[in-house]
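Examination of the molecular architecture
In case you want the letters, here they are:
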Amino acid sequence: MTEATDALVDSLQNAFPGAITAVADAFGEQTLTIAADQFLAVCNKLRDFHGYEQLIDLFGVDFMGYGSTEWKTEEASSSGFSRGVEPVTAGRFTFDEAPEPEMAENRFAVEYLLLSVGRNRRLRLRVYCPDTAMPIVPSVVEIWNSANWYEREAFDLFGILFDGHPDLRRILTDYGFVGHPFRKDFPQIGHVEMRYDPETRRVIYQPVTIEPRVLVPKVRRATCGETPAPTGGDDA
């Protein structure tokens with residue numbers, strides 16, 4: 001970490017003991033993980049005393065199945081193709097066939113990208129939702145007004161609730177949309193599809209007719225001194 005970040009972390013830890021649960025530094029950007037019960041107090045101090053007057057972005061994260069994979073990439077030979085394996089993640093299944101989602105601790109999180117214009121510094125905050133069954137964190141609309149639509153987007157796509165938001169409604173999906181499409185257990189084929197019905201002369205919704213399948217990418221690995229074959233070719 002930089003000296004400025006060290007000083008910032010020390011200041012926050014002195015003001016709010018136990019509020020910072022993790023500190024990470026990657027790609028030149030610092031990330032502070034903040035406990036949910038002290039999150040608003042930390043945000044107020046960052047704005048009023050450390051100059052982070054702008055919230056650039058806010059987004060939800062679903063860590064369900066984090067680290068798992070459906071592709072045998074490590075076992076593939078240097079001259080063959082990678083092959084898809086049986087579906088593992090819940091998104092590969094239909095709504096009725098999907099396995100029960102993993103209700104592991106710290107499944108949902110919200111991340112905040114802050115900017116201090118006067119000090120030319122950026123900072124990332126992360127707060128985990130304490131309750132996976134009903135993910136909820138405090139709203140920061142009263143601290144950074146730009147969070148209004150960002151929080152509505154995270155609610156719409158991830159189902160994360162923001163306590164204290166003045167008007168928490170969906171913002172991207174259609175009226176009556178079922179589920180939250182960015183959750184890892186949301187089927188990739190969706191729940192319903194719409195089409196125009198010439199008999200009723202209107203657009204109707206019906207269960208999806210697409211069968212889920214695991215795609216098989218064709219990746220030709222060239223050996224030393226060999227020109228790679230075009231991807232999608234039939235040479236195995």
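What you see is a predicted model; the values in this text were computed from it and never measured.

What follows concerns the environment of Ser116. Inspection of the secondary structure puts Ser116 in strand β4 (residues 108-116). The exposure class of Ser116 is buried, given its relative accessible area of 1%. Counting along the chain gives 64 residues from Ser116 to Tyr52, while the straight-line C-alpha distance between them is 4.2 Å. Ignoring anything within four residues of it in the chain, the contact list for Ser116 reads His50, Gly51, Tyr52, Glu53 and Arg121.

For any pair of aromatic rings, the description consists of the separation of the ring centres together with the inter-plane angle of the planes. Per the stated rule, a full pass over the model turns up 4 aromatic pairs. Ring geometry for Phe63 versus Tyr128: centroids 6.0 Å apart, planes at 45°, classification tilted. Residue Phe63 is located in the loop between β3 (54-62) and β4, and its partner Tyr128 is located in strand β5 (residues 121-128); the two are separated by 65 residues in the primary sequence. A ring pair is formed by Phe158 and Phe182, whose centres lie 5.7 Å apart and whose planes are at 85°; its orientation type is edge-to-face. Of this pair, Phe158 sits in helix α3 (residues 147-158) while Phe182 sits in the loop between β7 (161-163) and β8 (192-197), placing them 24 residues apart in sequence. A cation over a ring is seen here: Lys45 above Phe49, with NZ or CZ 4.5 Å from the ring centre.

Let us look at helix α1 (residues 3-15). Helix length check: α1 (13 residues) gives 18 Å between terminal C-alpha atoms against 18 Å at 1.5 Å per residue, within 8%. If you check which residues of α1 are buried, you get Thr5, Leu8, Val9 and Leu12. One side of α1 holds all its buried residues, which, seen down the axis, span an arc of 95°. Looking at α1, the residues exposed on the side facing more than 90 degrees away from the buried face are Glu3 and Asn14.

All right, on to the environment of Val110 then. Mapped onto the elements of the fold, Val110 is located in strand β4. The sequence separation of Val110 and Leu58 amounts to 52 residues, and the corresponding C-alpha distance is 7.1 Å. Not counting residues within four places of it along the chain, the set of residues in contact with Val110 comprises Leu58, Phe59, Gly60, Leu125, Arg126, Val127, Val137, Ile160 and Phe162.

Reading the values: the criteria
- Residues numbered from 1 in each chain as written.
- Predicted model: local features only at pLDDT ≥ 70, side-chain atom pairs only at ≥ 80, totals over all residues.
- Heavy atoms only, no water.
- Helix = DSSP H or I, 4+ residues; strand = E, 2+ residues; numbered from the N terminus.
- Buried < 20%, exposed > 50% of the residue type's maximum accessible area, 1.4 Å probe, protein only.
- Contact = heavy atoms within 4.5 Å.
- Phe/Tyr/Trp six-rings, centres within 6.5 Å; stacked < 30°, edge-to-face > 60°.
- Lys NZ or Arg CZ within 6 Å of the ring centre and 35° of its normal.
- Expected span 1.5 Å × (residues − 1).
- Arc of directions from axis to C-beta.

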